[in-house]
2 protein chains.
Amino acid sequence: WQIVEVDGIKRIEKTFHFDNFAHALAFTNAVGALAEEQDHHPQLVTEWGQVKVAFWTHAVGGLHQNDFIMAAKTEAAFAQAEGRKTS
Amino acid sequence: WQIVEVDGIKRIEKTFHFDNFAHALAFTNAVGALAEEQDHHPQLVTEWGQVKVAFWTHAVGGLHQNDFIMAAKTEAAFAQAEGRKTS
C-alpha cells in the first residue's frame, strides 16, 4: 500500500493484478461486499487485469483507522481471489 | 461523454450517478458484462454513488469506433439501471 495525496486529501491505495477482466471484476465485487459490511467504501478502479483500491475517510479529509482495517481485509480477500497474480 | 487525454492517449469518459454504493457497483457489473460480450474493456471507477466509465483502444493508442459503440451500450444500460440519478 502507498499513501498518496489527491486534491489535498491523503489516501491509501494499492493495485492488485489478475489474469483477465472477469477475475478483476470479481475482486472488485469481493471488496465491495466487505465495504458494505463495514459501511466504509473505497474507490475501485477496475480495468482488464487489475483493480486499484483506494481508501480514505471523507469525514476527516484523510486517513483514519478504518482505512487501515479495510486495507487489511482487502489483502485477505486478495489472498483468496481467483486468477490473482502476485508477481 | 467527454473526450479527455490521459498520458497522451485520448479516451471518452462519463460519470454516472446512483443513490448508493450497491447500485453503483451493480452498474459496474452491467457494463462489465457488456465489455465481456464485446471483448472491449473499459476502466470503471466505482465509488459510493457513482461510476466513471472510460473507453479507449490500446491498439491504436486512442479512440476507435468500438469505443463509441461501447459508450452507446453503456448509456442504454444506464437507462435500465436501478437507483440511477439523472439530475
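Remember, predicted model here, so these are calculated numbers, not experimental data.

Student: Now, about the pattern of salt bridges: what can you tell me, with residues and values included?
Tutor: Evaluation of the coordinates by the stated rule reveals 6 salt bridges over all chains. The shortest N-O distance in the salt bridge between A:Lys10 and A:Glu5 comes to 3.9 Å. Judged by relative accessible area, which is 43%, A:Lys10 ranks as partly exposed. Looking at A:Glu5, the relative accessible area reads 52%, which means it is exposed. Among the ionic pairs, B:Glu75 bridges to B:Lys14, the shortest N-O distance being 2.6 Å. Taken as a pair, B:Glu75 in helix H2 (residues 65-79) and B:Lys14 in strand S2 (residues 9-18) lie far apart in primary sequence, 61 residues in all. Looking at B:Glu75, the relative accessible area reads 27%, which means it is partly exposed.

Student: Let's hear about the pairing of strand S2 (residues 9-18) of chain A: which residues, and what values?
Tutor: All names here are of chain A. Relative to S2, strand S1 (residues 2-6) runs antiparallel, the two sharing 5 bridges. The residue bridging valine 6 from the neighbouring strand is isoleucine 9, located in S2. The loop that links S1 with its antiparallel partner S2 comprises 2 residues; one of these, aspartate 7, has a positive phi angle of about 50°. The sheet contact formed by S2 and strand S4 (residues 50-55) spans 6 bridges and is antiparallel. Across the sheet, the residue bridging to threonine 15 is lysine 52, located in S4. In terms of strand pairing, S2 meets strand S5 (residues 84-85) through 2 bridges, oriented antiparallel. Note on S5: the bridge partner recorded for phenylalanine 18 is arginine 84.

Student: For the packing of aromatic side chains, give the residues involved together with the corresponding values.
Tutor: By the definition in use, this model includes 14 aromatic pairs over all chains. An angle of 75° between the planes, with centres 5.7 Å apart, marks the rings of A:Phe27 and A:Phe78 as edge-to-face. On the criterion of sequence distance, the pair formed by A:Phe27 in helix H1 (residues 21-38) and A:Phe78 in helix H2 (residues 65-80) is long-range, its members being 51 residues apart. In this pair, the class of A:Phe27 matches that of A:Phe78, namely buried. When the ring of B:Phe18 is compared with that of B:Phe78, the centres are 5.5 Å apart and the planes differ by 80°; the resulting orientation is edge-to-face. In this pair, B:Phe18 sits in strand S2 while B:Phe78 sits in helix H2, placing the two residues 60 residues apart along the sequence. Like B:Phe18, the residue B:Phe78 is buried in the burial classification. Through pairs of rings, three or more aromatic residues link up here, namely A:Trp1, A:Phe16, A:Phe18, A:Phe27, A:Phe55 and A:Phe78. Its end group placed over the ring of A:Trp56, A:Arg11 keeps NZ or CZ at 3.9 Å from the ring centre.

About the thresholds
Residues numbered from 1 in each chain as written. Chains lettered and ligands numbered in written order. Predicted model: local features only at pLDDT ≥ 70, side-chain atom pairs only at ≥ 80, totals over all residues. Heavy atoms only, no water. Salt bridge = Lys/Arg side-chain N within 4 Å of Asp/Glu carboxyl O. Buried < 20%, exposed > 50% of the residue type's maximum accessible area, 1.4 Å probe, protein only. Helix = DSSP H or I, 4+ residues; strand = E, 2+ residues; numbered from the N terminus. Pairing = 2+ DSSP bridges. Phe/Tyr/Trp six-rings, centres within 6.5 Å; stacked < 30°, edge-to-face > 60°. Lys NZ or Arg CZ within 6 Å of the ring centre and 35° of its normal.

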